Structure formats: structure tokens, C-alpha cells
Amino acid sequence: MTTELGKVVDKVRSKERLSFDDGMTLFLEPDLLAIGALANEVCERLHGDRVYFNRNMRIEVTNVCVASCLFCSFAKLEAHSPGAHTMSLEEAWRELEVRMDDPPSEIHIVNGLHPGLPFSYYEALLAGFKRIKPDVVMKCFTAVEIHFFAEHYQMSHQEVLLRLQRAGLDSLPGGGAEIFHPEVRSRISHDKATAEQYLEVHRIAHRLGMRTNTTMLYGHIETFEHRVDHLQRVRELQDETHGFAAFIPLAFHPDGNGMKHLPAPTAVDDLRTLAVSRLMLDNVAHIKAYWVSMTPKIAQVGLRFGASDIDGTIVHETIYHAAGSSSPQGLRYDELVRLIREAARVPVERDTHYNVVREWLPNAMPEAALKVRDRKADRHLRVLS
Amino acid sequence: MSALVHHALEAAGLLRVLELRDQARFSDLVAIRDEVEKADWILLGALADTIRLREVGDRVRVAAASKKSAHESDERGLAFLREVSLARIFSERSATIAVDLERVGIELAEVALSFGANELCGAMRNKRGLAIAEEELGGVGKRSKRLLLASVKKRELADVLAASGKVAEFVEAS
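Structural notes, computed from the coordinates. These numbers come from a predicted model, not from an experiment.

1. Things to note about the overall build of chain A
Regarding its fold elements, chain A presents 16 helices and twelve strands. Contacts in chain A between residues at least 24 apart in sequence constitute 75% of all its contacts with a sequence separation of at least 6. Accessible surface for chain A amounts to roughly 14,100 Å². Of this, 51% is attributable to carbon and sulfur atoms.

2. Regarding the packing of aromatic side chains
All names here are of chain A. Going through the model one piece at a time under the given rule, you end up with 15 aromatic pairs over all chains. Relative to Tyr333, the ring of Phe53 lies with its centre 5.2 Å away and its plane at 65°, an arrangement referred to as edge-to-face. Taken together, the positions of Phe53 in strand E1 (residues 50-54) and Tyr333 in helix H15 (residues 333-341) put the pair 280 residues apart, joining distant regions of the chain. In terms of burial, Phe53 and Tyr333 fall into one category: buried.

3. What to know about the environment of Ala289(A)
By secondary structure assignment, the location of Ala289(A) is in the loop between strand E8 (286-287) and helix H12 (291-294). Put simply, Ala289(A) and Asp311(A) are 22 residues apart on the chain and 7.1 Å apart in space, counted from C-alpha to C-alpha.

4. Concerning the packing of helix H2 (residues 20-28) of chain A against helix H11 (residues 267-280) of chain A
All names here are of chain A. Axis separation between H2 and H11 bottoms out at 10 Å; the angle between their running directions is 155°. When the interaxial angle is binned, H2 and H11 end up roughly antiparallel. With respect to the hand of their crossing, H2 and H11 are arranged in right-handed fashion. Contacts between H2 and H11 pair Gly23, Leu26 and Phe27 from the former with Arg272, Thr273, Val276, Leu279 and Met280 from the latter. Residue classes in the contact of H2 with H11 are distributed as five nonpolar, two polar and one charged.

5. Concerning empty space enclosed by the protein
One pass over the full model with this rule turns up two cavities of 30 Å³ or more. Volume-wise, the second largest cavity comes out at about 60 Å³. A per-class count over the lining of the second largest cavity returns two nonpolar, five polar and five charged.

6. Section: the pattern of salt bridges
Residue and element names in this part refer to chain B. According to the stated counting rule, one finds 38 salt bridges over all chains in the structure shown. With a shortest N-O distance of 2.6 Å, Arg52 and Asp49 are connected by a salt bridge. Of this pair, Arg52 and Asp49 both sit in helix H5 (residues 41-55), three residues apart, which is roughly one turn of that helix. When sorted by exposure, Arg52 lands in the same class as Asp49, which is buried. Within this structure, Arg21, Asp22, Arg54, Glu55 and Arg93 form a network of salt bridges that share partners.

7. Structural notes on the nonpolar core
The biggest cluster of nonpolar side chains holds 163 residues, and the ones touching the most others in it are Phe129(A), Phe141(A), Phe149(A), Leu164(A) and Leu120(B). Excluding anything up to four places from it in sequence, Phe141(A) contacts Ile109(A), Asn111(A), Tyr122(A), Leu125(A), Leu126(A), Ile146(A), Phe149(A), Leu164(A), Leu169(A), Leu172(A) and Pro173(A).

8. Some remarks on the sheet that holds E8(A)
For sheets, the rule is that strands pair by backbone hydrogen bonds, running either parallel or antiparallel. All names here are of chain A. Read from one edge to the other, the open sheet built from three strands follows the order E6-E7-E8, with strand pairing classed as parallel. The sheet terminates laterally at strand E6 (212-218) and E8, the two strands that pair on one side only. In the sheet, E6 pairs with strand E7 (residues 244-251) via seven bridges, with the strands oriented parallel. Looking at the pairing, Thr212 lines up with Phe244 of E7. Together, E6 and E7 form the strand contacts of helix H9 (residues 195-207), whose direction differs from that of E6 by roughly 160°.

9. Re the side chain of Glu119(B)
All names here are of chain B. Within the secondary structure, Glu119 sits in strand E3 (residues 119-121). Of the residues examined, Glu119 reaches a relative accessible area of 3% and is grouped as buried. At 2.8 Å, the side chain of Glu119 forms a polar contact with the side chain of Arg61.

The rules behind each value
Residues numbered from 1 in each chain as written. Chains lettered and ligands numbered in written order. Predicted model: local features only at pLDDT ≥ 70, side-chain atom pairs only at ≥ 80, totals over all residues. Heavy atoms only, no water. Helix = DSSP H or I, 4+ residues; strand = E, 2+ residues; numbered from the N terminus. Contact = heavy atoms within 4.5 Å. Areas by Shrake-Rupley, 256 points an atom, 1.4 Å probe, with all protein chains shown as cover. Phe/Tyr/Trp six-rings, centres within 6.5 Å; stacked < 30°, edge-to-face > 60°. Buried < 20%, exposed > 50% of the residue type's maximum accessible area, 1.4 Å probe, protein only. Axes fitted to C-alpha atoms, helices over the stretch in contact; angles between N-to-C directions. Parallel < 35°, antiparallel > 145°, perpendicular 65-115°, else oblique. Left-handed = near helix turned anticlockwise from the far one by under 90°. Nonpolar A, V, L, I, M, F, W, Y, C, P; charged D, E, K, R; others polar. 1 Å grid on protein atoms, 1.4 Å probe; cavity = no way out; pocket = protein on both sides within 12 Å on 5 of 7 lines; lining within 4 Å. Points joined across faces, edges and corners; volume = space filled by probe spheres on them. Salt bridge = Lys/Arg side-chain N within 4 Å of Asp/Glu carboxyl O. Core = buried A, V, L, I, M, F, W, Y, C linked by side-chain atoms within 4.5 Å. Pairing = 2+ DSSP bridges. Polar contact = N/O pair within 3.5 Å; in protein donor to acceptor, adjacent residues only side chain to side chain.

Structure below.
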């Protein structure tokens, strides 16, 4: 162990805040398992052996977008471009109506920045979902979308959030953070909310009583310095508002976007980034291993590298799949329980605000999960002399 | 091995495994297998990685065809990594521990290289969508494109291994 890593270990164990240099030490340390074990220590200190997930559902109502982010494979710049789509309100609500026999507790909506829709569309969208299922939590519109609404419909951030909150908005997803540092942000997403504007939207949302998530898109043109800077900015706002429920590192996927010449980050990078996030963000309760971005297998490993949440059932994700994700578009409830259980963790179904819905105690398993345990343990491993 | 890992292995009584392997006392090693298997998976991984580094170093043999496969394994990550670690810990000295790219995918295979594995076999699959630079393949004939694709994929894989501090050594699939 390097002297620098030794110092970081001492600081972590004495619950001392890590510095920028400590963050760099963690990213540059060659011993991956040492970093993972340290992050796991912190995670277990905070959450014991519990891992959280929820019954959620992703909907992207429009992919028409005025922004031209280099990393995006989802957006279509014009409403009449091939592949462009915008759901009618009825089409969007139908997504929930057809799932009311096993309804989600959360609807997660992220869209392109569509210049042609009236603001009332978004208010009606939220209100309609609440009419169908009054207790569903609406986690909708990234801070980038909220900022776009404010500019486009000539309102303040607060006015936008208050109107949407009245219509049924409960929380904001974390997307749109990308990399906060202007050296990177100005190159990959120059025509949407700045880092300051993104953080300001979350600051106001927290003041209005919402708990939100935040993210970091890593593995493209940024350096480790930019990642540590990003984590520090998250930590600073969290010190001020305590409003972030979870931090989600998002791996860059290169298929079909303006940075397709770049390789995707490796799985080792995914695990290291989860671990460093856990260690740097001492004031954020949960680090999420987002299985859509890192595949269910690596997300499961991530549960022992500092992650205490694995997102949810999702049902039908399209943004990462447009960028070539090989993960399934959704996971069944019992698959998530099994994934967590096999990591020797206790699966805890939560709502958006981390209230416990159901804890799957060690002797309990969904019946469907038990049926798939008959696989041969060693079929994917060859030992050659 | 970092001091953090060394202390953790020592606390778990797993340093004995290294001594037994160094002394080639494999029957004694097998005798403590039940005890070793109770250890936490990350400790087993650290132990297996230490053995891998001592006995076979950082070179990774890649015996992979360039055929694309749509097969997706349902194997979960941690259980698989545990199996890889145990295979390294209880195999004879300098054994080749191979993982199947086609079955587990490049992501998990790459992580397995930090848990004792030292060979990748099977067909290579794309990682996260386009694993290759599209422009390199533009304007070439079908046959040439296939050959170029294979070489670009090799380079991609070598880059992935280099990012984990490993050196790829391509060999013909047996």
C-alpha cells in the first residue's frame, strides 16, 4: 500500500473528509480490490448488509431536443427527423394503465428539450399519472429540462418547479450533470444548462422540499481530476441542502453519438468509480450501481464496491439502449431480489424517498427467484493445466 | 499486495494458503478448503489475485475467435468471481484459469482478471455497443471488413486489458 493510500485509509476509518488529492490517490491506486474493500467498509458502516431497489418505470415521452450533446444517441434535433417521437398524453398515460396489475411505485421521466410543446403538456402529463395512481411518485425532468422550461417559457426556476410540483412532481432525477468542470462541459454539452444552473435547480428543488438524485457521466474525454472536481461540487451542495438522496455514476456509452470514436470505460473503471464516489461523498447516503449502464453482472459486483442501491425494475429504458447498452431493458422484481441476495446482501424494496416498502429477510425469496437456482455453478469456468 | 489487503488476509488467516502453495503442500491446502471457502469473496479475490501475480504474472492469454455471439449468460457476477478465485487458489501452481468471453461478456471477464484468471477464451462480443471505430471500417469490401474487424477488436481487447494493468498475448484458439 502506498503511503498516500495509507493516509486515505486512516482518514476514512476516522471519518475524516477526503481532499481533492485523496480522491486522486484513490483513482490512481493500482490495487482495485483495496479500494473496493475500503468503500465496502464505509458502505457497511452506513447501511449494514442492506441493498435498496424499487419498482420503477422509465418513460421518455419525447426525444426531440434542441441540445446537441456529443454523448447523446437518443435525441433527435427536429420533430420531423427520422426516429423522432413525441407521445400524446394518452399514449404516455397508457404506459401506466397497462401495468396497473403490478404497478410501479415510481415513474421516472426524462425527455429531450422539445421546443414545440406547451408547458401545459407537462403539467397535464403529471396530473394524468396521478389521476390513474394517486400514490405513484413522479420523479420527472432533469435539472437541464427544468432550466430549459424556465428559459423557453420565460419563468424562473422556482416558478417552473412550483407549477410542476402543484401538478404532481415529487422529485427530480439526476441526469444532465455530465461533468461539471467547464473544460469538459463546454466541449460535450455547450448548449444546455451550465453546471451552476444545474446545481441551482437542485438547490431550489431541495428548498421546496423535494429530495433529488445527481449523477456523473464518466469515461469519455474527462480526466480523473475532472471527476474528483465533480464529486466535490456535489458534496458542497449536499453540505448546504442535504437534499440529494443518491449519487449515480453513469458510464459513457459510445454507440451512435458524437464521441463514437472513443472506447467505453472498462468494467474495472466502473467499479473504481463507484468505490471512489462512496469514499468521497461522505454526506450522500446512497451510491447507486445503475444496472442499465454497467450491466446487471457488474452492478451486482458493484454492491461490494460501495454501492447500496441498484435502481429498479425500470421496465423499458431507451436512452442507454440507443447508445448500445447490452443490458436488458428491464429486470423483473424477483431478478433484482436474486441479484442482491446472491451478493450476500439483504434486498430492501424502497420508495423514491428510501422509505422501506419490504425487506426480504434471509429466509424469504420470491418463488420465481427460487426456480432459477438450479443452474450448474461451474459451467462458465474452465480450468486448464 | 497492498498493506490493506495483507492485513485483511492475515486477519482472516488466509496467508497460510500462500505458505502452503509456496511449499507445494497441496494436500494440506485441500484439507483447509472448507475453512477457506467461508471467507468473504473479496478476500478470496485478493488472495487469488496475489497467487496469480506471483505464479503467472500480468500476461493474459487471449484465445478468442472474432465471431459475434448473441448469447447472454444469466450467470451473476459475484458467484462467478468467487468460482474464479477458488479455482486459482486450489489449482496447481501456475495453472491457467480461463474465463469464457462469450458466456460472461467482456465486462465480467475483465474483472475476473483481478480475481485470479489469466486467460480469456471464446468468441469476443462487443462491449457496450460499438466497440470498434466505425470510420476504420468504412469503404472497405466485405471480406476485408471482416479481417479488419477482427484486428480492431483485438486492439480493443488489448486496450481493455492494458487499462487493468495487464498485457494481452494473443494465441490461436485450441
